[in-house]
Every structure is written in structure tokens, then in C-alpha cells.
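Close look at the chain arrangement
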Amino acid sequence: MVLRKKDIVKDKKSKINVLGTEIIIFKNDNENFICLTDMAKRFGGDDLIYSWMRNRNTLEFIGIWEEIHNPDFKGNEFVTFKSQAGLNTFNLTPRKWIEATNAIGIISKAGRYGGGTFAHKDIAFEFGSWLSPGFKIYLIKEYQRLKNDENDRLKLEWNFQRTLSKVNYT
């Protein structure tokens, strides 16, 4: 799925800080997507995403994830990629994966500002583990903190709306 700027709806707190690395999170169809590009910056650069996607275990993981969550996933293309994984000549980019398999778990967004490769939180956590197990733990911890903060804010808004309704009713 290739997104345009107008397709992305960012929350006010759409960034987390993991070990000094700022990582963007955005919602798409009520699912959270985490920026793999931001995660890779800490360890080198975008080429790490391509190396990760060349790995057979990675392809199996994201392929199974797509089969579970995406009814329009093209499994035949997935099998072709999986059979080529690990070969020296095999090269896979996020955009190529998305276009060939109709994937929804990874999003490739062009642009200097706000562009990059984003993945569903399940896939992003797997990438974090591949980068560094310690980094993954801190990533999950910060993500959970962000979600807890959002839930607390929603509870306050709901209680405020409830109280306002009571006052207006009487």
C-alpha cells in the first residue's frame, strides 16, 4: 500500500523515543504503524530494511502475517519470493513486496519529510528484534507507555463528557 500525505492521520503524540531515537507512529484504518526507517537509523540506515527483507525467516513471518490479516494477499507471489530468499541474487524492497503481493502490513511512503517504510506494530516489533533484542524490549515498553497515555486521555475525555451531560441535563 503506497500512501499519500493526505491519507495519514497523525495523533498529537505520534512519536516515541527509544534509546534516544525518535520513531514516528501513525494510525491507518485503526491500526498502528511504526516507522522502520526511523528504527534503522540508529543502527545504520535503510539498507538494513532491505537486508532484513532478504531473510527467509522474515519473509515467512510477514507472509504468514499477511495470510492471517489480508484476504487480498497474493500467496503465489509470496511463494515465489520465499523460494528465492537467501540467494545472492535475490533483492526485495518494501515497495516491490507491496506491489507484488498486495500486502497491507508494510507501507512505503515517498518523500523527504515524513516518508519512509512503515510496518504494522507486529511486524515492526519483529524488525526491532532483528536489529537488537534489547532495542525491541525498549521499543515495546515505549509503545505501551504511549498507548497507556492515550487510554488515560480518552478516559478523562469520556468522564468530562459524561459530567457535562449531567450538568446540562439538570
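Below or above, wherever it landed, is the structure these notes cover. Since the structure is predicted, the reported quantities are computational estimates derived from the model, not experimental observations.

Criteria and cut-off values
Residues numbered from 1 in each chain as written. Predicted model: local features only at pLDDT ≥ 70, side-chain atom pairs only at ≥ 80, totals over all residues. Heavy atoms only, no water. Buried < 20%, exposed > 50% of the residue type's maximum accessible area, 1.4 Å probe, protein only. Helix = DSSP H or I, 4+ residues; strand = E, 2+ residues; numbered from the N terminus. Pairing = 2+ DSSP bridges. Core = buried A, V, L, I, M, F, W, Y, C linked by side-chain atoms within 4.5 Å. Contact = heavy atoms within 4.5 Å. Axes fitted to C-alpha atoms, helices over the stretch in contact; angles between N-to-C directions. Parallel < 35°, antiparallel > 145°, perpendicular 65-115°, else oblique. Nonpolar A, V, L, I, M, F, W, Y, C, P; charged D, E, K, R; others polar. Left-handed = near helix turned anticlockwise from the far one by under 90°. Phe/Tyr/Trp six-rings, centres within 6.5 Å; stacked < 30°, edge-to-face > 60°.

1. Section: the pairing of strand 3 (residues 31–35)
Here strand 3 lies mainly inside the structure; four of its five residues are buried. Hairpin connection, strand 2 (residues 21–28) to strand 3: the antiparallel pair is bridged by two residues, and Asp29 has positive phi, about 55 degrees.

2. Points about the nonpolar core
With 36 residues, the main nonpolar core has Met39 and Trp97 as its most contacted residues. The leading source of residues in this core is helix 6 (residues 121–131), at five residues. Setting aside anything within four residues of it in sequence, one finds Trp97 in contact with Met53, Leu59, Ile62, Gly63, Glu66, Phe73, Phe78, Phe81, Leu92, Asn102, Ala103 and Ile106.

3. Topic: the packing of helix 4 (residues 75–84) against helix 5 (residues 94–101)
Helix 5 packs onto helix 4 with a crossing angle of 140 degrees between their chain directions and a minimal axis gap of 8 Å. It follows from the interaxial angle that helix 4 and helix 5 lie oblique. For the pair helix 4 and helix 5, contact is made by Glu77, Phe78 and Phe81 and by Lys96, Trp97, Ala100 and Thr101, respectively. The residue inventory of the contact of helix 4 with helix 5, partitioned by class, reads four nonpolar, one polar and two charged.

4. Observations concerning the environment of Trp97
The topology assignment puts Trp97 in helix 5. In this structure, the C-alpha to C-alpha distance between Trp97 and Ile107, residues 10 residues apart in sequence, is 9.9 Å.

5. So, the packing of helix 3 (residues 56–69) against helix 4
Helix 4 packs onto helix 3 with a crossing angle of 170 degrees between their chain directions and a minimal axis gap of 9 Å. Relative to helix 4, helix 3 is oriented roughly antiparallel. Remark: the crossing between helix 3 and helix 4 carries left-handed chirality. Contact residues: Arg56, Leu59, Glu60, Gly63 and Glu67 in helix 3; Phe78, Phe81, Lys82 and Ser83 in helix 4. Residue composition of the contact of helix 3 with helix 4, grouped by class: three nonpolar, two polar and four charged.

6. Some details on the sheet that holds strand 4 (residues 106–109)
Across the sheet, five strands lie side by side as 1-2-3-5-4; this open sheet has antiparallel pairing. Strand pairing shows two members of the sheet lacking a second neighbour, strand 1 (15–18) and strand 4, which therefore form its edges. The average undirected angle you get between the axes of adjacent strands in this sheet is 30 degrees. For strand 4 and strand 5 (residues 116–120), the ladder comprises four bridges, and the chain directions are antiparallel. Bridging across to strand 5, Ile106 finds its partner in Ala119.

7. Topic: the environment of Leu19
As for its position among the elements, Leu19 is in the loop between strand 1 and strand 2. Residue classification places Leu19 among the partly exposed residues on the basis of a relative accessible area of 39%. In this structure, the C-alpha to C-alpha distance between Leu19 and Phe135, residues 116 residues apart in sequence, is 7.6 Å. In this structure, Leu19 is in contact with Arg42, Phe135 and Tyr138, ignoring residues within four places of it in sequence.

8. A few points about the packing of aromatic side chains
Ring pairs (aromatic) are described by centroid distance and by the angle formed between their planes. Applying the stated criterion to the full structure yields 11 aromatic pairs. Geometrically, the ring pair formed by Phe43 and Phe135 is edge-to-face, given 5.2 Å between the ring centres and 90 degrees between the ring planes. Remark: Phe135 occurs in helix 7 (residues 133–169) and Phe43 occurs in the loop between helix 1 (36–41) and helix 2 (47–54); sequence separation between them is 92 residues. Look at Phe43 and you get partly exposed, because its relative accessible area is 34%. Each member of the aromatic cluster is reached from another via a ring pair, and the members are Phe73, Phe78, Phe81, Phe90 and Trp97.

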